[in-house]
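Reading the structure
Chain by chain, the residues:
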Amino acid sequence: TAVPSTLAGRSPSRPSPHAHSFTPLKMAKAEKKTDTKAKSTKKLSGYMKFSQENREKVKEENPGISFGQIGKKLGEMWRALDDDAKAKYK
């Protein structure tokens, strides 16, 4: 096999003149986690309140149902509610 002309006469232990030195970036120290409950001041939507209240009921009525299917079922139930019933959760 022929050696490419760019490698001819160069010692394998000597780096290429085109090789750049690699300097890893130092990672910033992880900040201490603060209490997430103190940060979460965002009000829950009506749907989220409804979901929290009805999730267990859906799981009991449909044993073996997947997490995604539970959400789908809750969405169907939410859409089926009339505005008066939704107002309870807002």
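Details of the structure are given in the entry above.
This section reports on the structure supplied with the text.

Bringing the overall build of the protein chain into the picture now. Per the secondary structure count, the protein chain includes four helices and zero strands. Going residue by residue from the N terminus, the α and β elements of the protein chain occur as α-α-α-α. The contacts in the protein chain between residues at least 6 apart in sequence include a share of 46% that link residues at least 24 apart. Accessible area of the protein chain: about 8,600 Å², with a carbon and sulfur share of 56%.

Taken as a whole, this structure holds four aromatic pairs when the rule is applied. Seen in terms of ring centroids, Tyr47 and Trp78 are 5.9 Å apart; in terms of plane orientation they differ by 70 degrees. Their pairing is edge-to-face. With Tyr47 in helix 2 (residues 46–61) and Trp78 in helix 3 (residues 67–80), this residue pair connects regions lying 31 residues apart in the sequence. Residue Tyr47 is classed as partly exposed on the basis of its relative accessible area of 27%. Ring centres of Phe50 and Trp78 lie 5.3 Å apart, and the angle between their planes is 50 degrees; on these two criteria the pair is classed as tilted. Linking Phe50 in helix 2 with Trp78 in helix 3, this pair joins segments that are 28 residues apart in sequence. Side by side, Phe50 and Trp78 carry an identical accessibility label, which is buried. Taken together, the aromatic side chains of Tyr47, Phe50, Trp78 and Tyr89 make up a single cluster linked through ring pairs.

The end-to-end C-alpha distance of helix 2 is 22 Å, a good match for the 22 Å that 16 residues give at a rise of 1.5 Å each. Inspection of helix 2 places Gly46, Phe50, Ser51, Asn54 and Val58 among the buried residues, and these make up the whole buried set.

Attention shifts here to helix 3. Taking 1.5 Å of rise per residue, 14 residues should cover 20 Å, and helix 3 covers 20 Å from first to last C-alpha, within 8% of that figure. Of the residues making up helix 3, those classed as buried are Ile70, Leu74, Gly75 and Trp78. Along the axis of helix 3, the buried residues cluster in a sector spanning 135 degrees; they form a single face. Away from the buried face of helix 3 by more than 90 degrees, exposed residues Arg79 and Ala80 are located. In the core, the buried residues of helix 3 are packed alongside helix 2 and helix 4 (83–87).

Here is what the cut-offs are and how they apply
- Residues numbered from 1 in each chain as written.
- Predicted model: local features only at pLDDT ≥ 70, side-chain atom pairs only at ≥ 80, totals over all residues.
- Heavy atoms only, no water.
- Helix = DSSP H or I, 4+ residues; strand = E, 2+ residues; numbered from the N terminus.
- Contact = heavy atoms within 4.5 Å.
- Areas by Shrake-Rupley, 256 points an atom, 1.4 Å probe, with all protein chains shown as cover.
- Phe/Tyr/Trp six-rings, centres within 6.5 Å; stacked < 30°, edge-to-face > 60°.
- Buried < 20%, exposed > 50% of the residue type's maximum accessible area, 1.4 Å probe, protein only.
- Expected span 1.5 Å × (residues − 1).
- Arc of directions from axis to C-beta.

Geometry only, nothing functional implied.
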